[in-house]
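# Reading the structure
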Amino acid sequence: MSELRHEFSWSVSRRGLAETCLRAYYHQYYLAWRGWERDAPAERAESYRLKNTTRLPMWAGDCLHQAIEQWFEQRAAGRTLGAEELVERALARFRGGYKQSRDEAAQWRRAPKRHTRLQEHHYAEACVDEPSGRAREYGGRFVERIQRAARWFCESSELAAVRAAPPEQWLACEQLGTIELFKTAIHAVPDFAYRDAGGVLWIHDWKSGSERPEHAFQLALYALYAEQRWGADPTGVRCVADYLEEGRAVEHRFDAEALEGVLGAVHASITALRELHFDAGGSDGEPARFPQLSVGASACATCAFRGPCGR
Ligand code: SF4
């Protein structure tokens, strides 16, 4: 078997984490490397475990994404799932993951990638306190959001063309893909892409939260992805951010100037992150080059790495 190498690659989420906190970035992309090995040093094993935690809002989004992926699988097989069935599938996974997180921490410690562990449980946050009823209230919020989102996906007029697109027009559904920009592998996972009967390429991105400025950046990158993967003219790609819980579809198109700006930002980020890059297979690097945020920073309150960070 060939030796696994720690190589630099880039993604929108990698840039996002580095911009939020370089120390969290260090844990996620460097110290966690080889943390899965049986004889991994304790701090690497811990970073790897924490890298494989999630938070309830992300877990809810993940369950919804997976249920929608199943919707497409069923559709390809000639069956259309209704809204209630989609809700049921997403909620079954959501509740199962919550229970596993609460009750099976030891299993997660042994096999972090195969078990759900919520940071809320790991750090005993007040929002998951069961005797006070706060856990019910907190979890209930996401149950409602999943219900709303699944119904909008199945019933909205905004997504009628997506639901009606025949499988032979589909290009991608939740598949991790890689393109190359500035001699760097760029990872992206477009949620759903298809070419309509008129030849127009559409890319949809299911969003669980509210609209944020970086969503347009991510969609512009998908237009560039479509250029390399499917030979599309990126200025003609129709990119849509679907805010499932809010029941809102926001379409973006990017002209040549906008795409130049995005490429410039990708280049700047790659250059800055390559400056910091080291082979985590060979050493732990210099943690001081990845500074922590100041004490009291709001990002620490929901950070996976607040344990080893002492926050
Ligand atoms: S706890 Fe705060 S300082 Fe530490 S890694 Fe997380 S965000 Fe950064």
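I will try to describe carefully the structure that is included in this document. Treat the numbers as computed from the prediction; the structure is a model and nothing was measured.

The rules behind these values
- Residues numbered from 1 in each chain as written.
- Predicted model: local features only at pLDDT ≥ 70, side-chain atom pairs only at ≥ 80, totals over all residues.
- Heavy atoms only, no water.
- Helix = DSSP H or I, 4+ residues; strand = E, 2+ residues; numbered from the N terminus.
- Rg over C-alpha atoms; globule rule 2.2 N^0.38 Å.
- Buried < 20%, exposed > 50% of the residue type's maximum accessible area, 1.4 Å probe, protein only.
- Contact = heavy atoms within 4.5 Å.
- Areas by Shrake-Rupley, 256 points an atom, 1.4 Å probe, with all protein chains shown as cover.
- Near = heavy atom within 4 Å.
- Nonpolar A, V, L, I, M, F, W, Y, C, P; charged D, E, K, R; others polar.
- Pairing = 2+ DSSP bridges.
- Axes fitted to C-alpha atoms, helices over the stretch in contact; angles between N-to-C directions.
- Parallel < 35°, antiparallel > 145°, perpendicular 65-115°, else oblique.

## Overview of the overall build of the protein
Counting its secondary structure elements, the protein contains twelve helices and eight strands. Taking 19 Å as the expected radius of gyration for a compact globule of 311 residues, we find that the protein reaches 21 Å, a close match to that expectation. By residue count, 48% of the 311 residues in the protein fall in the buried class. Partitioning the contacts of the protein with sequence separation of at least 6, the portion at a separation of at least 24 is 64%. Entry remark: accessible area of the protein is about 15500 Å², with carbon and sulfur atoms responsible for 49%.

## Here's the deal with unusual backbone geometry
Unusually for a residue other than glycine, Ala124 sits at a positive phi of about 45°. A relative accessible area of 63% means that Ala124 is categorised as exposed.

## A word on the site of the ligand
Surveying the vicinity of the ligand reveals the residues Cys21, Arg23, Ala24, Gln292, Leu293, Cys300, Cys303, Arg306, Cys309 and Arg311. At the level of secondary structure, the elements contributing two or more residues to the shell around the ligand comprise helix H2 (22-31) and helix H12 (306-309). Across the shell around the ligand, the residue classes tally to six nonpolar, one polar and three charged.

## Examining the sheet that holds strand S5 (residues 192-195)
Across a sheet, strands are paired by hydrogen bonds formed along the backbone, either parallel or antiparallel in direction. The mixed open sheet is built from five strands, whose spatial order is S2-S5-S6-S7-S8. At either margin of the open sheet sits one strand with a lone partner, and together these are strand S2 (170-173) and strand S8 (248-252). In this sheet, neighbouring strand axes are inclined to one another by 15° on average, regardless of whether the strands run parallel or antiparallel. Its contacts with the sheet put helix H4 (residues 56-76) on S2, S5 and strand S6 (201-207), and the angle it makes with S2 is roughly 145°. Against the sheet, helix H10 (residues 213-230) makes contact with S2, S5, S6, strand S7 (238-243) and S8, and its axis sits at roughly 140° relative to S6, the strand it touches most.

## Focus on the packing of H10 against helix H11 (residues 256-276)
Relative orientation of the contacting elements H10 and H11 amounts to 100°, with a least axis distance of 10 Å. Relative to H11, the element H10 is oriented roughly perpendicular. Of H11, the residues touching H10 (which contributes Phe217, Ala220, Leu221, Ala223 and Leu224) are Leu259, Val262, Leu263, Ala265 and Val266. Partitioning the contact of H10 with H11 into residue classes produces ten nonpolar, no polar and no charged.

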